[in-house]
Amino acid sequence: MALTQPERNKLDRIAEDAAAARALLEQHAEALREIFQRQREVETTLAQVSTMQAECPARTAIASKTGRVANWLALGMLLVTFAGTLAALVMHFR
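Residues numbered from 1 in each chain as written. Predicted model: local features only at pLDDT ≥ 70, side-chain atom pairs only at ≥ 80, totals over all residues. Heavy atoms only, no water.

Here we come to the overall build of the chain. Helix and strand counts for the chain come out as two helices and zero strands. Against the 2.2 N^0.38 benchmark of 12 Å for 94 residues, the chain shows a C-alpha radius of gyration of 30 Å, more extended than a compact globule. With the C-alpha coordinates aligned to their principal axes, the bounding extent of the chain is approximately 85 × 60 × 10 Å. Relative to its 94 residues, the chain shows a buried fraction of 0%. Separation between the mean location of the 11 positive side-chain charges and that of the 10 negative ones in the chain comes to 13 Å. (Helix = DSSP H or I, 4+ residues; strand = E, 2+ residues; numbered from the N terminus. Rg over C-alpha atoms; globule rule 2.2 N^0.38 Å. Buried < 20%, exposed > 50% of the residue type's maximum accessible area, 1.4 Å probe, protein only. Lys, Arg positive; Asp, Glu negative; His and termini not counted. Charge placed at Lys NZ, Arg CZ, Asp CG, Glu CD.)

Printed below as a string of structure tokens:
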């Protein structure tokens, strides 16, 4: 039994859609492989950090203090920026 032209056209579109879907799945599979590779790298880095923290508690304390200092500096910069903005507004509306 021979196919009619509309049936052939429909089958061609289905084949094209299937090829496009396959290409898309291959792209997603590659992206997932990259994600899993990066996840393994992150897990390795976390294991190294845990080892370093266990080896040297002083490093952790120093990092914690450094982080607090950085937070205070950021807050100070934010306050200075706010004060500058407020001063500019006052000068503008004078």
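Moving on, we come to a nonpolar patch on the surface. Together, Trp 72, Leu 75, Leu 78 and Leu 79 make up an exposed nonpolar region whose accessible area comes to about 460 Å². Inspection of the secondary structure assignment puts Leu 79 in helix H2 (residues 57-92). (Patch = residues over 30% accessible without salt bridge, like charges linked within 9 Å, V, L, I, M, F, W, Y side chains within 5 Å. Areas by Shrake-Rupley, 256 points an atom, 1.4 Å probe, with all protein chains shown as cover. Salt bridge = Lys/Arg side-chain N within 4 Å of Asp/Glu carboxyl O.)

On to the pattern of salt bridges. Throughout the structure, instances matching the rule amount to two salt bridges. Salt-bridge contacts for Arg 22 lead to Glu 26; the nearest nitrogen and oxygen are separated by 3.2 Å. Remark: Glu 26 and Arg 22 occur in helix H1 (residues 5-55); sequence separation between them is four residues, near one turn of the helix. Since its relative accessible area comes to 44%, Glu 26 is described here as partly exposed.

Among the secondary structure elements, Thr 85 is positioned in helix H2. Along the chain, Thr 85 and Asp 12 lie 73 residues apart, while their C-alpha atoms are 65 Å from each other.

Another point: the environment of Ala 83. Residue position: Ala 83 is located in helix H2. Classification of Ala 83 as partly exposed rests on a relative accessible area of 44%. Residues Ala 83 and Ala 61, spaced 22 residues apart in sequence, show a C-alpha to C-alpha distance of 33 Å.

Residue position: Asn 71 is located in helix H2. What makes Asn 71 exposed here is its relative accessible area of 56%.

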